[in-house]
Protein chains: 2
Amino acid sequence: MTSPVRLALLGCGTVGSDVVRLLHEQSVDLAARIGAPLEIAGIAVRRVGRDRGDLPVDPALFTTDPLGLIKRDDVDVVVEMVGGIEPARSWLVEALRAGKSVVTANKALLAEDGATLHDAAAEGGADLYYEASVAGAIPLLRPLRESLHGDRINRVTGIVNGTTNFILSAMDATGAGFAEALEEATELGYAEADPTADVEGFDAAAKAAILASLAFHTRVTAADVHREGITEVTAADVASAKAMGCTIKLLCIAARGTDGRGETVSVRVHPAMIPLSHPLASVGDAFNAVFVEAEAAGQLMFYGRGAGGAPTASAVLGDVVAVARNRLAGVHAASESAYADLAVRPMGEALTRYHISLDVADRPGVLAAVAGVFARHDVSIATVRQGPAGGGPAGRGDDADLVVVTHVAPDAALAATVGELRGLDIVRSVASVLRVEGGA
Amino acid sequence: MTSPVRLALLGCGTVGSDVVRLLHEQSVDLAARIGAPLEIAGIAVRRVGRDRGDLPVDPALFTTDPLGLIKRDDVDVVVEMVGGIEPARSWLVEALRAGKSVVTANKALLAEDGATLHDAAAEGGADLYYEASVAGAIPLLRPLRESLHGDRINRVTGIVNGTTNFILSAMDATGAGFAEALEEATELGYAEADPTADVEGFDAAAKAAILASLAFHTRVTAADVHREGITEVTAADVASAKAMGCTIKLLCIAARGTDGRGETVSVRVHPAMIPLSHPLASVGDAFNAVFVEAEAAGQLMFYGRGAGGAPTASAVLGDVVAVARNRLAGVHAASESAYADLAVRPMGEALTRYHISLDVADRPGVLAAVAGVFARHDVSIATVRQGPAGGGPAGRGDDADLVVVTHVAPDAALAATVGELRGLDIVRSVASVLRVEGGA
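Note that the coordinates shown come from a computational prediction; the quantities given were computed from them, not determined experimentally. Throughout, residues of each chain are indexed from 1 in the direction in which the sequence is written. Starting at A for chains and at 1 for ligands, labels are handed out in the order in which the entities are written. For this predicted model, a pLDDT threshold of at least 70 governs which residues receive local features, and a threshold of 80 or more governs which side-chain atom pairs are given and counted, while totals over whole chains, interfaces and linings are taken from all residues. Processing note: side-chain calculations cover all non-hydrogen atoms of the structure and skip hydrogens and water entirely.

### Quick notes on the overall build of chain A
The helix and strand labels rest on DSSP assignments: H or I over at least four residues marks a helix, E over at least two residues marks a strand, and numbering proceeds from the N terminus. From N to C terminus, chain A includes 14 helices and 18 strands. The atom set for the radius of gyration is the C-alpha atoms, and the globule formula is 2.2 Å times the number of residues raised to the power 0.38. A globule of 440 residues ought to have a C-alpha radius of gyration of about 22 Å, and chain A, at 25 Å, matches this closely. Exposure is judged per residue with a 1.4 Å probe applied to protein chains only, and the accessible area is read against the type maximum: over 50% gives exposed, under 20% gives buried, and values in between give partly exposed. Each of the 440 residues in chain A was classed as buried or not, and the buried ones make up 56%. Carbon and sulfur atoms form 51% of the exposed surface of chain A, whose accessible area is close to 16,600 Å². The average position of the 37 basic charges and that of the 55 acidic charges among the side chains of chain A differ by 2 Å. Only the protein chains shown count as cover for residues, with accessible areas throughout obtained via the Shrake-Rupley method and a probe of 1.4 Å. The charge count treats Lys and Arg as positive and Asp and Glu as negative. His and the chain ends do not count. To locate a charge, take atom NZ for lysine, CZ for arginine, CG for aspartate or CD for glutamate.

### Remarks on the sheet that holds strand β6 (residues 128-129) of chain B
Residues and elements named next belong to chain B. The parallel open sheet is built from six strands, whose spatial order is β3-β2-β1-β4-β5-β6. In this open sheet, the two strands that pair with only one neighbour each are β3 (62-63) and β6. Two strands are said to pair when DSSP picks up at least two bridges between them. Pairing of strand β5 (residues 101-104) with β6 involves two bridges; the strand directions are parallel. The partner of V103 across the bridge, within β6, is Y129.

### Some thoughts on the interface of chain B and chain A
Each partner contributes residues to the interface: chain B has 42 residues there, and chain A has 42 residues. Buried area is a sum: the accessible area each of two parts loses on coming together, probed at 1.4 Å, counted once for each and added. Where chain B abuts chain A, roughly 3,900 Å² becomes buried across the two surfaces, and 55% of that area is made up of carbon and sulfur atoms. Taken as a group, R33, Y303 and Y339 of chain B account for 16% of the area that chain B buries against chain A, more than any other trio of residues on that side. Here a salt bridge means any side-chain nitrogen of Lys or Arg lying within 4 Å of a carboxyl oxygen belonging to Asp or Glu. Put simply, chain B and chain A have two salt bridges between them. With a shortest N-O distance of 3.4 Å, E146 of chain B and R142 of chain A are connected by a salt bridge. Any pair of nitrogen or oxygen atoms within 3.5 Å is treated as a polar contact; in protein, a donor-acceptor pairing is required on top of that, and neighbouring residues in sequence qualify only through side-chain atoms on both sides. Between chain B and chain A we count 18 residue pairs in polar contact (both at pLDDT 80 or more) in total. Those elements giving two or more residues to the side of chain B that touches chain A turn out to be α2 (27-34), α6 (141-145), β12 (298-305) and α12 (309-329) of chain B. Residues are grouped as follows: nonpolar covers Ala, Val, Leu, Ile, Met, Phe, Trp, Tyr, Cys and Pro; charged covers Asp, Glu, Lys and Arg; every other residue, Gly included, is treated as polar. When grouped by side-chain class, the residues that make up the side of chain B that touches chain A number 23 nonpolar, nine polar and 10 charged. Contacts are residue-level and defined by heavy atoms, with any inter-residue pair within 4.5 Å sufficient.

### Quick word on the nonpolar core
Within the largest apolar cluster, 164 residues are counted, with the highest numbers of intra-cluster contacts made by L211 of chain A together with L211 of chain B. When sequence neighbours within four positions are dropped, the list of residues in contact with L211 of chain A reads V134, L140, L141, L144, V156, V160, C252 and V290 of chain A. Here the nonpolar core consists of buried residues drawn from Ala, Val, Leu, Ile, Met, Phe, Trp, Tyr and Cys, with membership extended through side-chain atoms lying within 4.5 Å.

### Observations concerning the relation of the copies chain B and chain A
Each copy superposes on the other: chain B lies on chain A with an RMSD of 0.0 Å after a rotation of 180° and an axial shift of 0.0 Å. Look at the turn and shift together and you get a two-fold axis relating the two. Using C-alpha coordinates, one finds that chain B approaches the rotation axis most closely at F302 of chain B, a distance of 2.4 Å. An overlap of 100% is found between the interface residues of chain B and their copies at the interface of chain A, pointing to a shared contact surface. The copies were overlaid with a least-squares fit restricted to C-alpha atoms from residues scoring a pLDDT of at least 70 in each copy.

### Here's the deal with unusual backbone geometry
Residue and element names in this part refer to chain A. The step from E86 to P87 runs through a cis peptide bond, and the omega angle for that step is 5°. Structurally, P87 can be placed in the loop between β4 (77-80) and α4 (88-97). Residue D341 is not a glycine yet carries a positive backbone phi of 50°. By secondary structure assignment, the location of D341 is in the loop between α12 (309-329) and β13 (343-344).

### Quick notes on the pattern of salt bridges
A side chain of one charge can pair with a side chain of the opposite charge when the charged atoms of the two come close. Residues and elements named next belong to chain A. One pass over the structure, following the stated rule, counts 48 salt bridges over all chains. Between R219 and D119 there is a salt bridge, and its shortest N-O distance comes to 3.0 Å. With R219 in the loop between α10 (202-216) and β8 (226-227) and D119 in helix α5 (residues 107-124), this pair connects stretches of sequence that are 100 residues apart. Across the salt bridge formed by E263 and R152, the nearest N and O atoms sit 2.4 Å from each other.

### Looking at the domain arrangement of chain A
All names here are of chain A. For the domain bounds, the source is a domain assignment made automatically or taken from a database. Domains assigned within chain A are domain 1 (5-136 + 309-329), domain 2 (141-306) and domain 3 (350-436). Between the C-alpha centres of domain 2 and domain 3 the distance comes to 26 Å. Counting residues at the interface gives 13 residues for domain 2 and 13 residues for domain 3. Roughly 1,000 Å² of surface becomes buried between domain 2 and domain 3 when both sides are summed, with 60% attributable to carbon and sulfur atoms. Here R435 makes a salt bridge to E228, at a shortest N to O gap of 2.9 Å. On the surface where domain 2 and domain 3 come into contact, there are four residue pairs in polar contact (both at pLDDT 80 or more). For the side of domain 2 that touches domain 3, the secondary structure elements donating two or more residues are α11 (235-243) and β10 (262-275). Of the residues forming the side of domain 2 that touches domain 3, the biggest block, six residues, is contributed by β10.

### Observations concerning a nonpolar patch on the surface
Each patch is assembled from residues with relative accessible area greater than 30% and no salt bridge, linking like charges that lie within 9 Å and nonpolar side chains (Val, Leu, Ile, Met, Phe, Trp, Tyr) that lie within 5 Å. A grouping of L367, I381 and V384 of chain A is seen on the molecular surface, where their side chains present a nonpolar patch of about 220 Å² in accessible area. Mapped onto the elements of the fold, I381 of chain A is located in strand β15 (residues 381-388).

### A word on the packing of aromatic side chains
Residues and elements named next belong to chain B. Put simply, two rings from Phe, Tyr or Trp (the six-membered ring, in Trp's case) pair if the centres are within 6.5 Å, and we call them stacked under 30 degrees between planes, edge-to-face over 60, tilted for the rest. Using the criterion set out here, one finds five aromatic pairs over all chains in the structure. Ring plane angle 20° and centroid distance 4.3 Å describe the contact between F166 and Y190, whose orientation is recorded as stacked. Here F166, found in helix α7 (residues 162-174), pairs with Y190, found in the loop between α8 (178-187) and α9 (196-199); they are 24 residues apart in sequence, far enough to count as distant. Given the relative accessible area of 37%, Y190 is considered partly exposed.

### Points about the UniProt feature "binding site: NADPH" (unreviewed entry) in chain A
In the numbering used here, UniProt assigns the feature "binding site: NADPH" (unreviewed entry) to K107 of chain A. Ignoring anything within four residues of it in the chain, the contact list for K107 of chain A reads S133, D203, A206, K207 and I210 of chain A. UniProt positions are given in the numbering used here, feature names are shortened, and annotations may be inferred rather than shown by experiment.

See the structure below:
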C-alpha cells in the first residue's frame, strides 16, 4: 500500500478527541477508501500532561508547539479544531502557504477573514476544507460548492444554532419565557455558561456569512450580516405566533435580490415566525436544518445534528478523506469561487414581512389611523384582525387587540412604520413585533 | 479563456430540454464556475424534424446517430438522458472506454449493471457521475460518496418515488382506496399511463440498489433488492396506521447487519408504517427524502423534489460542472468504491417489525392461542390491544379486534407467524399486516 498520509491535529477537546477515536476505530475502512493509511504525526495541545482517559493514542504524539508541528516535513494535512481568530489564522496561513492541506471547523475565522485563508491556499496550491464549520455533521457545504453548481440559488434559510433552537423549542412547548428556557438549556448542557455567542446570534451570523459566500459566489463576512438574537423574544411573541399557526425560529437568511445596482444579496440573522407547514418548523431541539431554494432544483432541505463531538468529527473526517485523496492523486479541489462579487445590501433594504400585534383604544377611527401609518410608509397590509383586548368576548373595557401582517416591504419602511405606531396616542402598547418568513 | 468543454446530449425529452434551457440561461455563470464555456456538440434524438417549440438551440445540432456523435473527436462529455438498459449501456461503455466522461440519470441501467459502467470508466480513465439517478434534484449521492466517507453508515431509509408518495399521501388525507388515489394521481400527471414501474416498486428498487452500493461500499444490483409495491395497501391499512399514530410510506431501506457470516447488508423496498414524529412522516405529495443514520454523524435527512424536468436537469448540470472541471484540471473523480463487498442478506433474514390486525372470535383462550403462535416462531410481542370488533362498545357480536405489534425479528419468522395465524379457526380474518419502521 502507498505510504501513509500524515495528519497534524491542532486541539484535542471534544471534537479533537472524537476525531482521534474515529481515526482509530475506522482505520481499516479509511485506508481502503483513501488508498493509503492515515497516521497522526502529532497533536498540538495546551498541556501535554492532562489526563485524557482512554484516548487510543500514543502520549508521545502530544506537543505544545503547534507551529513546530505544522512545519514538520512529515506533515501532509493540518486539522484545526482550536477555534477563534488568532493564533489559528497564523497557523493555518503558515500551513497553506507551505502547501499543506487544511481541514478546519473554525466558523469564526472563516466568517471574519476567510479571504486570507483562501488566498493562502491559492498561493500554496493547497486544499482548504471546512464542512464542519456550518451545521456540524450535515453534508451541506459540499452540495452548495459542487452539486448545485449547475443551478442558481435564490435563497438559503437555515436553523444553524442548536442552542437557540433548543431554547425556542422549549418556549414553544411550555410557554416559558426566555430566561427560564435558557436556564433549562444550561442545566441540560445545551447552552454554555456564557451563552452570548449563541443567544445574541453571533454564532449563526458567522455561519450565515459562510453559507452566503458559497451560495452566491461572493465574499461575505460576519460584518456584512445583520444580526439580532433571541433575548428579546417573549412568551407573548410565542403565543402570537401560535395564534397565527406559526412557530418562532432563529433563522439565518441569505437572499438574492435586484435593485438599481443590479443583483445584490442580503444576509441576516433574526428570530422570525414561520408557518407550521414549513419544513423548517418541525426542526426541534438542538437539530439544525438548512432550506435551499434554487431556480431549477426547487426546494431542498438538509437536516441533522449541528453540534457535538461525534457529529462534528464525522464532518472533519469526511474532509480529511477528501484532501487525503486529492493529495494522493496530486490534485486540488476547486478553489474559492467569488466571481459573482454581488453587493451586500444593508438590512434596511432587505425585503421582509412583519407581524405586528397592537393594544389600541377601542373607538371609531382607530383602524383608519393605524392603516394610514402603513400607507404613509408604502407598506401593504396582507391581513388585519381586530378584537376585544384579552381575546375574550368581554375584553378589557375600552381597549382592543389589533393584529396586522404585512406583505413584503423594505425592512427600513417596516421599522419606521412600527416606530410611528408606537408614537400614536391611540396605540396603548406594541405587544409584539416579529418578522414573518417562509410564507407563500 | 480556455477552449470550451463540449457536450454530447443523448435524448431531448423533458429532462434533456431543461438541460438545454439551463445551459443557455446560465451560460455565463457556468463558464465562470468551470473556467471554460460549455458548448453543445450535438444532441442525439429519435426524430430530427420534431417541433421543439422555442428551445434555444441550433436545429443543426440534432442528429439521429448517437454512436457517431459519441465518437466525434470534439466531444468531451456525454450526457445520457434516454433511460433503459440498451442501447444506453452500449453507448456509455463506448464513451467511457474512449476516455469521455459520462453524466447519466439512468437509474435502471446503474442498478442492473452499474459494474459494467464502472469498469469501463476505470478502463478509459473517465468520470462516471449519476447524481440525477436517485432523488432528482436532491444532492445525495455526492454526500454519500464523499462527505460521509469519514464515517460509517448503518442505515439508509428513503422515500425515493414521488408517484407512490403522492398516492399514499392522498389515501392518508382522504381515506380513499388505492385504485381511487391512483386515478387522481394519473389525472394530475403524477402517475404515468402504465404506472407499473412506480406502484410495483421497481423504480424505488433501482434507487435502493444505487444507494446501498454507495452507502456500504458494496456492489448491490436491483436483483438483490426485495421488492413489494403499494398495490395491496388498503384503506383499512391506512386507518390502522392512523390509529397507531403512524402513516404509511413506500420505503427503501438499506441496513447493515451482522450474522454468522460477519457483516451483511439487507436492501428492501416495501410499504411500512412510520410514526408521525419521524422526519420522513411529513414528506408529502411527490417530494422525496432520504434519512441516513451514521455512526458518528447521527441522523441526517436530505429532502427535495425527486422528479420533474428542471430538478433533474439541475442535478445533471451539477455533475456536468464537476466533470468539466475535472477535465480541465486533468484529473478524475474517485472511482467506484466497492472494497467492503458485504454479503447481501435475503429478505427472510432482514430484521423487521410487524403490525398485525386480526378479527378473532371473542371467547376464552383466544389470546393465549394467538400468543402461542408468536412464541412458537420466537417472535416477541411489543404491544397488544384487544377490543370488541368494529371498535364501538357494542361491537359485532361474538367477534373481537386484536392488534399486535411485534419487536424486531427475522422477516421469515414474522411471515410464518402470519401464515399460521391465518390457519387458526379462531382467527376470522387478518385485517391488516404492515411492517413498522422508524420506531424507537
